[in-house]
Amino acid sequence: MKLSRILIGAITGAFAGYGVFTIWPSALAHWHWLGGWLAAGLIITTAWWLNHYANAFPNDPDGAWVDMALAIWLSSLLGGNVQLKTTGELVRASYGLYHGISIGPASMTIVLELIGATIAGYLLHLFRRRDA
């Protein structure tokens, strides 16, 4: 694996995580629904293109894809989330590990996410095996 692919994948993941939790809510606050659509198109499309078309993340053709969803989840876990109030004000809705939150209150959510991802991966395996 080349260092350049690792760096491009890390930068793409950082862009996706940062964009979803900072650029997207800010665009939504300033330009309402149009800002939300524009931010979604810019952030997710760019990250998807770099990950899957330009192949920034090294993915095995027969394996599961690890892409921007992992980077966005880690951004939320480490940095927290912002929320757009009905008044148009952005406020911090939750704090991440870098801002002093304990992982204890989020442990049940993390366990349920892992269970859900495992079930989804198994079902995808069953459907793909049927296609072969």
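Model, not experiment: these values are computed from the prediction.

(A) Geometry of the UniProt feature "transmembrane region" (unreviewed entry) in the chain. Mapped onto this numbering, the UniProt entry annotates "transmembrane region" (unreviewed entry) at residues 7-25, 31-51, 63-82 and 102-124. Helix makes up 100% of residues 7-25 and strand 0%, and the two end C-alpha atoms of the span are 26 Å apart. Annotated as 100% helix and 0% strand, the span residues 31-51 places its first and last C-alpha atoms 28 Å apart.

(B) Layout of helix α2 (residues 68-79). With 12 residues, α2 extends 16 Å between its outermost C-alpha atoms, agreeing within 8% with the 16 Å of an ideal straight helix rising 1.5 Å per residue. Listing the buried residues of α2 in full gives M68, A71 and I72. Projected down its long axis, α2 carries its buried residues within an arc of 100°, all on one side. For α2, the elements touching its buried residues are α1 (3-53). Following α2 by one or two positions, G80 has its phi on the positive side, about 95°.

(C) Here's a closer look at the nonpolar core. A16, V20, F21, A27, A39, I43, A47, M68 and I72 together form the largest nonpolar core, which totals 9 residues. Breaking this core down by element, the ones donating at least two residues are α1 and α2. Discounting residues that sit within four places of it in the chain, A47 has contacts with T12, A16 and M68.

(D) Broad picture of the packing of α1 against α2. Close contact between α1 and α2 brings their axes to 8 Å; oriented N to C, the two are set at 125°. As summarised for this structure, α1 and α2 are arranged oblique, according to the angle between their axes. As α1 packs across α2, the resulting crossing turns out to be right-handed. Along the contact surface, α1 presents G13, A16, G17, Y18, V20, F21, I44, A47, W48 and N51, while α2 presents M68, A71, I72, S75 and S76. Taken together, the residues that form the contact of α1 with α2 break down as 10 nonpolar, 5 polar and no charged.

The rules we used
Residues numbered from 1 in each chain as written. Predicted model: local features only at pLDDT ≥ 70, side-chain atom pairs only at ≥ 80, totals over all residues. Heavy atoms only, no water. UniProt positions renumbered as here; feature names shortened; annotations may be inferred. Helix = DSSP H or I, 4+ residues; strand = E, 2+ residues; numbered from the N terminus. Expected span 1.5 Å × (residues − 1). Buried < 20%, exposed > 50% of the residue type's maximum accessible area, 1.4 Å probe, protein only. Arc of directions from axis to C-beta. Contact = heavy atoms within 4.5 Å. Core = buried A, V, L, I, M, F, W, Y, C linked by side-chain atoms within 4.5 Å. Axes fitted to C-alpha atoms, helices over the stretch in contact; angles between N-to-C directions. Parallel < 35°, antiparallel > 145°, perpendicular 65-115°, else oblique. Left-handed = near helix turned anticlockwise from the far one by under 90°. Nonpolar A, V, L, I, M, F, W, Y, C, P; charged D, E, K, R; others polar.

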